Amino acid sequence: KSGRLILFKDTKRHKILSAKRAALFIVFLLYFALLCATVTVTYVAHLDHLAIATHTIFPASLLETQRVVLEILGYLFTELIALSLALTASTILTGGYTILIVIFYQLLSMLAPKLSTLRYFFPTGYKTLAESGDFAGNMLAICGILIVSLLLSRWIAARIFKRIEY
């Protein structure tokens, strides 16, 4: 019997990191879509006929709809940032420290809307500004926070991931 050398090309580290991030975000977005579908079905099938229900899925006024959209997207974007933060922290820290960092971020994002200056650094802080009437500006701000946070997290994770020795 003769030995055979199997040649293969190493996968670049940035591709591994990108695949890891993409898989994590896809699983989360599937979970979020399933959650929205389940809540809607539960409301329509079980709660809509009760006296305490509003009998509408969407709010009646435009201002209230804009506030709800800002609130939902704020929480969704906060979760995506937390996932990205967890991915970045997990490249150099143990699971316990990663969990503590994400919990601290989540607590800070819940407190941010109540603080006058800190609210502008978290997507959840703009729901209280919905009454200002600048829906497009608020949407642009929370999308900007998401993009900057994800890009910064990706850049830091890529630098750390490049230095890891296996």
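The present account deals with the structure reproduced in this document. Just so we're clear, the structure is a prediction, and the values are computed from it rather than from any experiment.

Conventions and cut-offs
Residues numbered from 1 in each chain as written. Predicted model: local features only at pLDDT ≥ 70, side-chain atom pairs only at ≥ 80, totals over all residues. Heavy atoms only, no water. Helix = DSSP H or I, 4+ residues; strand = E, 2+ residues; numbered from the N terminus. Rg over C-alpha atoms; globule rule 2.2 N^0.38 Å. Buried < 20%, exposed > 50% of the residue type's maximum accessible area, 1.4 Å probe, protein only. Contact = heavy atoms within 4.5 Å. Areas by Shrake-Rupley, 256 points an atom, 1.4 Å probe, with all protein chains shown as cover. Lys, Arg positive; Asp, Glu negative; His and termini not counted. Charge placed at Lys NZ, Arg CZ, Asp CG, Glu CD. Patch = residues over 30% accessible without salt bridge, like charges linked within 9 Å, V, L, I, M, F, W, Y side chains within 5 Å. Salt bridge = Lys/Arg side-chain N within 4 Å of Asp/Glu carboxyl O. Core = buried A, V, L, I, M, F, W, Y, C linked by side-chain atoms within 4.5 Å. Disulfide = S-S within 2.5 Å.

1. Focus on the overall build of the protein chain
Helix and strand counts for the protein chain stand at four helices and zero strands. Here the C-alpha atoms of the protein chain give a radius of gyration of 21 Å, more than 25% beyond the 15 Å that 2.2 N^0.38 yields for 166 residues. For the protein chain, with 166 residues in total, the buried portion stands at 29%. Partitioning the contacts of the protein chain with sequence separation of at least 6, the portion at a separation of at least 24 is 62%. Carbon and sulfur atoms make up 72% of the accessible area of the protein chain, which amounts to about 11700 Å² in all. Counting 16 positive and 8 negative side-chain charges, the protein chain places the centres of these two groups 20 Å from one another.

2. Observations concerning a nonpolar patch on the surface
Together, Ile92, Leu93, Tyr97, Leu100 and Ile101 line one region of the surface with nonpolar side chains, adding up to about 480 Å² of accessible area. Its place among the elements puts isoleucine 92 in the loop between α2 (62-90) and α3 (95-111). Judged by relative accessible area, which is 57%, isoleucine 92 ranks as exposed.

3. Some details on the environment of threonine 42
Structurally, threonine 42 is set in helix α1 (residues 13-47). Assessed through its relative accessible area of 34%, threonine 42 is described here as partly exposed. Considering only alpha carbons, one finds threonine 42 and valine 68, 26 residues apart in sequence, at a separation of 19 Å.

4. What to know about the nonpolar core
One finds Phe77, Leu80, Ile142 and Leu146 to be the most contacted residues of the largest nonpolar core, which totals 20 residues. Of all elements in the fold, only α1, α2, α3 and α4 (135-163) reach the threshold of two or more residues within this core. The leading source of residues in this core is α2, at seven residues. The residues contacting phenylalanine 77, other than those within four sequence positions of it, are Pro123, Ile142, Cys143 and Leu146.

5. Quick word on the state of the cysteines
A full pass over the atoms with the stated rule returns zero disulfides. You can see cysteine 36 has no disulfide; the closest cysteine sulfur is in cysteine 143, sitting 16 Å from it. Residue class for cysteine 143 comes out partly exposed when judged on its relative accessible area of 28%.

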